Protein chains: 2
Amino acid sequence: MTPAQRGQLALLLEVCGTPKPGNVDRHHDYPDLRFEHFLAGAIGAYNGLVTAANGGALGSAFEDAICGMSQQTGGNTQFGALLLITPMVRTAADGDIAPDAITDVVERTTVEDAANFYRAFEHVDVAVADPPDAYEDLDVRRGSGAIEAIETRGLTLYDVMELSAPVDGVAREWTTGFDRSFDAGARLLEGDGPVPDRTARVFLELLADEPDTFIEKTHDEATATEATRRARLARDGEIHPSDLAAEFIEREINPGTTADIVAGGLFIALDRGLGI
Amino acid sequence: MTPAQRGQLALLLEVCGTPKPGNVDRHHDYPDLRFEHFLAGAIGAYNGLVTAANGGALGSAFEDAICGMSQQTGGNTQFGALLLITPMVRTAADGDIAPDAITDVVERTTVEDAANFYRAFEHVDVAVADPPDAYEDLDVRRGSGAIEAIETRGLTLYDVMELSAPVDGVAREWTTGFDRSFDAGARLLEGDGPVPDRTARVFLELLADEPDTFIEKTHDEATATEATRRARLARDGEIHPSDLAAEFIEREINPGTTADIVAGGLFIALDRGLGI
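Rules and cut-offs
- Residues numbered from 1 in each chain as written.
- Chains lettered and ligands numbered in written order.
- Predicted model: local features only at pLDDT ≥ 70, side-chain atom pairs only at ≥ 80, totals over all residues.
- Heavy atoms only, no water.
- Contact = heavy atoms within 4.5 Å.
- Buried area = accessible area lost by both parts, 1.4 Å probe.
- Salt bridge = Lys/Arg side-chain N within 4 Å of Asp/Glu carboxyl O.
- Helix = DSSP H or I, 4+ residues; strand = E, 2+ residues; numbered from the N terminus.
- Nonpolar A, V, L, I, M, F, W, Y, C, P; charged D, E, K, R; others polar.
- Expected span 1.5 Å × (residues − 1).
- Buried < 20%, exposed > 50% of the residue type's maximum accessible area, 1.4 Å probe, protein only.
- 1 Å grid on protein atoms, 1.4 Å probe; cavity = no way out; pocket = protein on both sides within 12 Å on 5 of 7 lines; lining within 4 Å.
- Points joined across faces, edges and corners; volume = space filled by probe spheres on them.

**What to know about the interface of chain A and chain B**
Accessible area lost upon the coming together of the parts serves often as the stated size of an interface.
And then number 1: With 28 residues of chain A at the contact, the number on the chain B side is 28 residues.
And then number 2: Taken together, the two surfaces of chain A and chain B that pack against each other cover about 2400 Å², and 66% of this comes from carbon and sulfur.
And then number 3: Among the residues chain A hides against chain B, the three largest losses belong to R26, I43 and I276 of chain A. Together they make up 30% of the total.
And then number 4: Its salt-bridge partner being D29 of chain B, residue R26 of chain A comes within 3.1 Å of it at the nearest N-O pair.
And then number 5: If you list the elements that add at least two residues to the side of chain A that touches chain B, you get α1 (3–16), α2 (35–44), α3 (46–53) and α12 (195–209) of chain A.
And then number 6: Ranked by residues supplied to the side of chain A that touches chain B, first place goes to α2 of chain A with seven residues.
And then number 7: Partitioned by chemical class, the residues of the side of chain A that touches chain B number 14 nonpolar, nine polar and five charged.

**Side note on α1 of chain A**
And then number 1: Look at α1 of chain A: 20 Å from first C-alpha to last across 14 residues, which is about the 20 Å you get at 1.5 Å a residue.
And then number 2: The buried fraction of α1 of chain A is high, at 14 of 14 residues.

**Structural notes on empty space enclosed by the protein**
Residue and element names in this part refer to chain A.
And then number 1: Throughout the structure, instances matching the rule amount to three cavities of 30 Å³ or more.
And then number 2: By volume, the largest cavity amounts to about 50 Å³.
And then number 3: If you trace the largest cavity, you find it lined by G169, R172, R180, E210, P211, D212, T213, T257 and T258.
And then number 4: Those elements that place two or more of their residues in the lining of the largest cavity are α10 (169–175) and α16 (256–271).
And then number 5: For the lining of the largest cavity, the residue count by class is one nonpolar, four polar and four charged.

**Topic: the pattern of salt bridges**
All names here are of chain A.
And then number 1: Tallying each qualifying case throughout the model produces 42 salt bridges over all chains.
And then number 2: R172 is the partner of E210 in a salt bridge, and the nearest nitrogen-oxygen pair spans 3.3 Å. Of this pair, E210 sits in the loop between α12 and α13 (213–218) while R172 sits in helix α10, and the two are 38 residues apart along the sequence.
And then number 3: Classification of E210 by relative accessible area gives partly exposed; the value is 27%.
And then number 4: Residues R187 and E205 are paired through a salt bridge, measuring 2.9 Å at the closest nitrogen-oxygen approach. Highlighted residues: R187 in helix α11 (residues 179–190) and E205 in helix α12, separated in sequence by 18 residues.
And then number 5: Looking at R187, the relative accessible area reads 24%, which means it is partly exposed.
And then number 6: The exposure class of E205 is buried, given its relative accessible area of 17%.

**Points about the environment of L84 of chain A**
Residue and element names in this part refer to chain A.
And then number 1: Mapping L84 onto the fold places it in helix α5 (residues 79–94).
And then number 2: With 175 residues separating them along the chain, L84 and A259 place their C-alpha atoms 11 Å apart.
And then number 3: Apart from residues no more than four positions distant in its own chain, L84 is found in contact with V170, E173, F178, S181, D260 and I261.

**Here's the deal with the layout of surface pockets**
All names here are of chain A.
And then number 1: Roughly 910 Å³ of volume is contained in the second largest pocket.
And then number 2: In terms of lining, the second largest pocket is formed by 46 residues, of which the most central are V126, A127, V128, D168 and K217.
And then number 3: Taken together, the elements giving at least two residues each to the lining of the second largest pocket come down to α1, α5, α7 (111–120), α9 (157–164), α10, α13 and α16.
And then number 4: For the lining of the second largest pocket, the class distribution of residues is 27 nonpolar, 11 polar and eight charged.

Spelled out as structure tokens, the structure:
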């Protein structure tokens, strides 16, 4: 299996793990965002992942992946996961995937990569936080409308991720050697039983470790902190993960960043020999 | 989405439809054949499907697809489905998919295609019926060991399918203009609601229409006839499909041929504009 195909399989395995409280998974849908949208998203992302594997520019590869992912009616399925997996595929195509190697890949991104990252937001609606006033011209919701500001400021895609890192757990991976993704990958490799069961377990552990920035954006910090407290109870066996899943879906508490990091961890684990 | 990618998505949507009594689906596993094996099988089949789309020989494309499909520990996941989808991808890459066009593709197969079809059986164990005594030298379980007999007899892959058609519902598709696959495709397009729900419904309708040859092979004719009778009750609302699913899984009654034809129908429906 090629790195691009492993990227697709990581996306599929992520959505297959259940229960992953608050997320679409093998046994849970939201009314307008359903399991099959994630299947189509993973298949559609392929061409962009191949571009990344073949050494194409990262921003353009990412935009291709998002364009392909968005050819289904559910909307945003795997934007954050692909923001992690695209540089991973690029790194794996060149050799072993390790924190230094992937950091080297993301640090070499350019202003043009940043521009194409902004273009990706035109394919799909993504929940984001309001930028600080000083960076209002860089709001990703402007799409290509922000490219002039990107160019004027001379910001690379890595710079953009650095700016977002304080409020976005996926961007933070870019600036910390993909620390939590590698941690998730190690846990997935060490786990027992079928991979979807390991995936669900690692998801709960990661959410118990740290509040989810997607919940912070779509609700608020207090809700994210409370979700992590509840996840800790589920991890420790004090509430049943399935009950927590029902509760989160009901309240539309969707720990999407944690799911993205689990997808990144699945890619790393597959790359290091995790068998299905 | 390219024809090869539509082929993969058809495989994924097929296994996603639930309940499809007796088959692995979004909510059902067998202990050693699980949902994630089908995900990995669909991703792995890609290179073979691309070979077919690019006009490569059908037998070799199919063998590549099966080789890639089998890189997971569940064993045979989509052998029959790929035997339908590979020629469909080939046909769709050249223009509209229609019974005449696909029949033209399969009728043009060669002795070498037949040889590579036999080689595909070396990648994975497939349940097959005993051949009649006069064709004992053509038993597919001989794998490449049967190629000399194929060559001596001058049999093309289409000829091999003709020989199997009386006992194998997938082979019969090749010799009947993919009749049931087109029928399934039309029903999927006409259906209501999310595609996985339509898929489950069409599966039940097809099984209610005709005994499944995979059940005939793995059990016997009486069991296959009884399964179809039970499916009719489920289709007509007299028993709940979920109860039938539990019953079939318990008795290891796996209507695999019907699932293969539904996968073929999904490809046709996607090709004709079924949206996800």
